[in-house]
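# Structural overview
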Amino acid sequence: MQSMENYRGREEIVYQVYPKSFCDSDGDDIGDLKGITEKLGYLKDLGITMLWICPVYASPMDDNGYDISDYYSMNPMFGTMDEMEQLIHEAGRKGIKIMMDLVLNHTSDEHEWFRKALADPQSKYRDYYIFETLQNGCPPSNLRSVFGGSVWEPVPGTDEYYFHSFSKKQPDLNWENKEMRSELYEMIRWWMNKGIAGFRVDAINFIKKDLNASVIKPDGKDGLASCFPYTRNVEGIQKFLKEMRKEVFEPCGCITVSEAVDVPYSELGNYIGDQGCFSMMFDFHYTNFDLEGNDEKWHKRKDWTMEEFRELLFESQEEIQKTGWQGLFIENHDQPRAVNKFFPFKEDQTYEASTVLAGMYFFLRGTPFIYQGQELGVKNVWRDSIESFDDIESRGQYETALSDGCTKEEALYYINLRSRDNARQMIDWEEAGRQENDKKSVLSFYKEMTALRKRESCLVQGSFKPHREYGKDVVAYERNDGFTRILVLCNFSKIRQEIKNVDGKILLSNQPVIQGFLEPFQVIVIKK
Ligand code: GLC
């Protein structure tokens, strides 16, 4: 049988834009669509080929745009549909594709469907969401939502509740309803007709639920239990993924990347590969290496070593290589800045640190994604009070930390380390300008990396093979396409490392190369 595998998007280099803090074209201190269009020249010079734009749809912004009230119109804060079309057009002229964010697990509570569902319990829209009646005077279960508090929100004046995995202003859609699914597919076709290349698909492994259990053993002092086992990666989800591929992604030729946290490696085939729904996926198994357990509480931190991280990364590469393709990333709008996460001490957060991290992930097997500001080596920004956070997850995590017994100071400390606001600071374009004129800047290094990936097809097509022989603090791997072998060596130690029997042509390094050694925080890419 002919392979059905979806190879779309493998050659791309993607740049993720968080519109609110990317570039402000009209002086209101909020980034906008015109600002993105203005920076297409900068992005082209950086060498990227595709943009993923975080949600710009109409939204009350409870979760900064991931609460969509109308999939068919733009949030006036960001601009107009004409400006969106202009952006798609101008990007196309520069050879840059556009990938929109696609939020299908939930809408805003201000979406017309939800308003109609509330206004008239008999309307067909009632079944577009998940409603339940009080059980013995209690909410239907004691599950905790991702952003803290119960997943069940009372409908005022009734004995009913509606279900939300995320904030209470993000009611979950009921994927069991076929008509609702058809409406979503229609919307996807509509966007593809605008000339975009595809989608980053939000929280897609939440669409199937198992809500039968009512009392679950609490895992925190709030009396609630993590919703993940009942809302994420639930058996039966493959039916919806298959349908979506057949109905829209395949016929429309979409390039798709799924956000799907904690999918067991044994279930990758539902997402990627011959029969999978998406062109690629983000694998999060190596992302939360600094947190304990998988309930993702930010105050439950864990000691980690680079060797442990390396093993998670290698496992991810080897597992995904068996099935399909992944999107490579070290940052996104939900994560703190990578240089802070990997190098907790300020004195280590240098040019070398940012570039060794960059070299480490960029040449792995997969499509590299660069999160805005990462190419400038941007760092976290400390906040002194919980009020200064504009992120619903940070506030929820703060409450959870307090209820689990942290002091206010401790809670604030943990939130600062992990807050999504770290990634959502306005880009400093003066700094970008400075780095453009500096050959030894993080930005210049990223430009060398994008050029190299385009030049060496082995970096796209080659297989991945881990190397452990250079020491526990060295992340080393090889790409091999049958003609060429490329070795990537990254020293995460502050001590010079000896490397024996390594020769070949140096393609890239962030520091002067000394034969036979790796300097502290040095990355070297070698063609054998
Ligand atoms: C995804 C997004 C995140 C958002 C959540 C709810 O995880 O990346 O920013 O808050 O989904 O839509």
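Residues numbered from 1 in each chain as written. Predicted model: local features only at pLDDT ≥ 70, side-chain atom pairs only at ≥ 80, totals over all residues. Heavy atoms only, no water.

An unreviewed UniProt entry lists the protein under the name Family 13 glycosyl hydrolase, from Anaerostipes rhamnosivorans. UniProt lists a comment for the protein under the heading Sequence similarities (unreviewed entry), and it reads "Belongs to the glycosyl hydrolase 13 family." (UniProt positions renumbered as here; feature names shortened; annotations may be inferred.)

Right, let's talk about the nonpolar core for a bit. Within the largest apolar cluster, 138 residues are counted, with the highest numbers of intra-cluster contacts made by Leu51, Met84, Phe199, Met244, Phe249 and Met360. Once residues within four sequence positions are removed from consideration, methionine 84 is found in contact with Leu33, Ile53, Val56, Met74, Ile98, Met100 and Trp191. Phe147, Phe163, Phe206 and Ile392 belong to the second-largest nonpolar core, a separate cluster that totals 17 residues. (Core = buried A, V, L, I, M, F, W, Y, C linked by side-chain atoms within 4.5 Å. Buried < 20%, exposed > 50% of the residue type's maximum accessible area, 1.4 Å probe, protein only. Contact = heavy atoms within 4.5 Å.)

Glancing now at helix H10 (residues 351-362). Side chains that are three or four residues apart share a direction in an α-helix, a result of its 3.6 residues per turn. Taking 1.5 Å per residue as the helical rise, H10 with its 12 residues ought to reach 16 Å, and the 16 Å between its terminal C-alpha atoms agrees with that figure. Those residues of H10 that fall on the buried side of the exposure criterion are Tyr351, Ala353, Ser354, Thr355, Val356, Leu357, Ala358, Gly359, Met360, Tyr361 and Phe362. (Helix = DSSP H or I, 4+ residues; strand = E, 2+ residues; numbered from the N terminus. Expected span 1.5 Å × (residues − 1).)

What follows deals with the packing of helix H13 (residues 429-436) against helix H14 (residues 442-455). When two helices pack together, their arrangement is given by the angle between the helix axes and the distance between those axes. Where H13 meets H14, the axes come as close as 7 Å, and the angle between the chain directions of the two elements is 65°. Residue-level contacts link Ala432, Gln435 and Glu436 of H13 to Val442, Leu443, Ser444 and Lys447 of H14. When the residues that make up the contact of H13 with H14 are grouped by side-chain class, the tally is 3 nonpolar, 2 polar and 2 charged. (Axes fitted to C-alpha atoms, helices over the stretch in contact; angles between N-to-C directions. Nonpolar A, V, L, I, M, F, W, Y, C, P; charged D, E, K, R; others polar.)

In the vicinity of the ligand, 13 residues are found, and the nearest of them are Asp63, Asp202, Glu259, His333 and Asp334. Interatomic distance of 2.9 Å between a side-chain N/O atom of arginine 200 and an oxygen atom of the ligand. Between glutamate 259 and the ligand, the recorded distance is 2.8 Å, taken from a side-chain N or O atom to an oxygen atom. Protein contact buries 95% of the 310 Å² of open area that the ligand shows by itself. Taken together, the residues that form the shell around the ligand break down as 3 nonpolar, 3 polar and 7 charged. (Near = heavy atom within 4 Å. Polar contact = N/O pair within 3.5 Å; in protein donor to acceptor, adjacent residues only side chain to side chain. Areas by Shrake-Rupley, 256 points an atom, 1.4 Å probe, with all protein chains shown as cover.)

What follows covers the sheet that holds strand E8 (residues 152-154). Strands in a sheet are paired, the pairing made by backbone hydrogen bonds, and the direction either parallel or antiparallel. Judged by pairing direction, the sheet is antiparallel, and its 3 strands sit side by side in the order E6-E9-E8 without closing on themselves. Sheet topology places strand E6 (131-133) and E8 at the edges, where each strand pairs with a single neighbour. The sheet shows a mean angle of 35° between the axes of neighbouring strands, direction not considered. Both E6 and strand E9 (residues 160-163) contribute to a ladder of 3 bridges, which runs antiparallel. Bridging from a neighbouring strand, phenylalanine 131 pairs with tyrosine 162 of E9. (Pairing = 2+ DSSP bridges.)

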